[in-house]
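Here are the chains, one letter per residue:
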Amino acid sequence: MTAKTKASKPTKTKERSEDQYPLIELAQIKIVERPADGDAEEPLFFNPRSMESFTPDEMAELKSSLAQDGLQQPPIVRIFTADGKRDGEVLKIELVAGERRLRSLQSLVDEDAPCQTDDGEKPASQVFAQIPCKVYYNIDDARALRIAFIENGQHKSLTTKEEIALVERLTKRGLKQDEISVVLGTNVTWVSQTSNFREELPPDAFQRLLDGKLSRHVAVKMLSYHKEDRQNLFTEMVKVEKE
């Protein structure tokens with residue numbers, strides 16, 4: 001557990017009571033940053049989506065939407081308390097899912113950009129000082145990762161490259177395929193396929209998969225052929241594609 005920090009307990013306001021989402025100070029929500037590649041001490045939990053997925057155009061579009069229409073989908077956070085109980089002293093608040101929204105909100109507040117509200121235009125620092133969040137209390141890293149993985153799949157699925165990186169990272173941590181399937185809330189077959197892509201696909205096919213130029217469905221189909229036949233199959237596929 002990290003050092004104790006001051007943080008007020010999330011509270012509900014009258015106008016938000018129907019949403020059942022407590023309001024939390026935006027400044028108190030921390031993002032678990034992605035560790036450097038190869039960091040042996042990396043945490044089990046951090047957003048499985050890579051930063052390269054947050055394109056400038058998408059972020060600008062989201063900021064504009066938030067400024068015009070407000071926050072439509074609350075982020076998910078986990079709150080750690082001193083005694084492990086919901087009403088205990090808050091030690092820290094971490095984002096679990098909704099990083100694009102949170103970073104966009106932080107950017108709006110940093111710029112103190114004008115935002116539309118039912119009462120007219122107001123500065124972002126006033127509109128988004130507190131935001132509604134879905135809250136989990138004192139959940140461990142494995143459950144946080146599972147929630148983040150499922151949440152991404154429901155909104156904008158991870159790329160195959162991100163899925164491969166996630167499964168390989170968990171494998172390097174010593175988790176077996178059935179354990180990974182439990183952590184991610186998926187099935188062993190999906191985990192097995194994902195973990196086999198790098199070693200079982202022809203190198204050029206694997207690179208196209210990482211680049212988003214080969215679909216996961218086609219890659220899985222290639223795995224159903226004998227390994228010695230996969231390169232010829234891929235060559236013919238590329239030839240037909242060019243023609």
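For the structure itself, look to the data block above.
Residues numbered from 1 in each chain as written. Predicted model: local features only at pLDDT ≥ 70, side-chain atom pairs only at ≥ 80, totals over all residues. Heavy atoms only, no water.

Caption draft 1: Looking closely at the overall build of the protein chain. Across its full length, the protein chain carries 10 helices and 8 strands. Its C-alpha atoms give the protein chain principal-axis dimensions of about 65 × 45 × 30 Å. When contacts within the protein chain are restricted to residue pairs at least 6 apart in sequence, those whose partners lie at least 24 apart make up 63%. Accessible area for the protein chain stands at about 13,900 Å²; split by element, carbon and sulfur atoms hold 48% of it. Charge separation in the protein chain, taken as the distance between the mean sites of 36 positive and 42 negative side-chain charges, equals 4 Å. (Helix = DSSP H or I, 4+ residues; strand = E, 2+ residues; numbered from the N terminus. Contact = heavy atoms within 4.5 Å. Areas by Shrake-Rupley, 256 points an atom, 1.4 Å probe, with all protein chains shown as cover. Lys, Arg positive; Asp, Glu negative; His and termini not counted. Charge placed at Lys NZ, Arg CZ, Asp CG, Glu CD.)

Caption draft 2: Broad picture of the sheet that holds strand β8 (residues 134-137). The 4 strands lie next to each other as β2-β4-β3-β8, forming an open sheet whose pairing is mixed. Whereas interior strands pair on both sides, the edge strands pair on one side only; in this sheet they are β2 (29-30) and β8. Relative to β8, strand β3 (residues 76-81) runs parallel, the two being bridged by 4 bridges. Residue I76 lies in a different strand from β8, and its bridge partner there is K134. Together, β3, β4 (90-97) and β8 form the strand contacts of helix α4 (residues 141-155), whose direction differs from that of β4 by roughly 35 degrees. (Pairing = 2+ DSSP bridges. Axes fitted to C-alpha atoms, helices over the stretch in contact; angles between N-to-C directions.)

Caption draft 3: Focus on the side chain of T194. With respect to the helices and strands, T194 occurs in helix α7 (residues 188-200). Polar contacts involving the side chain of T194 include one to the main-chain carbonyl oxygen of W190, which spans 2.8 Å. (Polar contact = N/O pair within 3.5 Å; in protein donor to acceptor, adjacent residues only side chain to side chain.)

Caption draft 4: Fine view of helix α1 (residues 56-69). The terminal C-alpha atoms of α1 lie 20 Å apart, and with 14 residues this matches the ideal 20 Å at 1.5 Å per residue to within 8%. Turning to α1, its buried residues number three or more, namely M59, L62, K63, L66 and A67. Projection of α1 onto a plane perpendicular to its axis shows the buried side chains occupying an angular sector of 135 degrees, all on one side. Exposed and facing more than 90 degrees away from the buried side of α1 are D57, E61 and D69. In this structure, the buried side of α1 is in contact with α2 (99-111) and β5 (114-117). Of the residues trailing α1, G70 is marked for its positive phi of about 80 degrees. (Expected span 1.5 Å × (residues − 1). Buried < 20%, exposed > 50% of the residue type's maximum accessible area, 1.4 Å probe, protein only. Arc of directions from axis to C-beta.)

Caption draft 5: Seen up close, empty space enclosed by the protein. Counted by the stated rule, this structure contains 1 cavity of 30 Å³ or more. By volume, the largest cavity amounts to about 60 Å³. When its residues are assigned to classes, the lining of the largest cavity shows 7 nonpolar, 1 polar and 1 charged. (1 Å grid on protein atoms, 1.4 Å probe; cavity = no way out; pocket = protein on both sides within 12 Å on 5 of 7 lines; lining within 4 Å. Points joined across faces, edges and corners; volume = space filled by probe spheres on them. Nonpolar A, V, L, I, M, F, W, Y, C, P; charged D, E, K, R; others polar.)

Caption draft 6: Local environment of the pattern of salt bridges. Overall, the coordinates contain 15 salt bridges when judged by the stated rule. Salt-bridge contacts for K92 lead to E94; the nearest nitrogen and oxygen are separated by 3.2 Å. Where E163 meets R216, a salt bridge forms, and the shortest distance between an N and an O atom there is 3.1 Å. Here the residue E163 occupies a position in helix α5 (residues 160-172), and R216 occupies one in helix α9 (residues 216-223), the gap between them amounting to 53 residues. What makes E163 buried here is its relative accessible area of 12%. By relative accessible area, which is 16% here, R216 ends up buried. (Salt bridge = Lys/Arg side-chain N within 4 Å of Asp/Glu carboxyl O.)

Caption draft 7: Examining the environment of N152 more closely. Among the secondary structure elements, N152 is positioned in helix α4. Under the relative-accessibility criterion, N152 is labelled buried at 14%. Put simply, N152 and K172 are 20 residues apart on the chain and 22 Å apart in space, counted from C-alpha to C-alpha. Among all residues touching N152, those that are not within four sequence positions of it are N47, P48, R49, S157 and L158.

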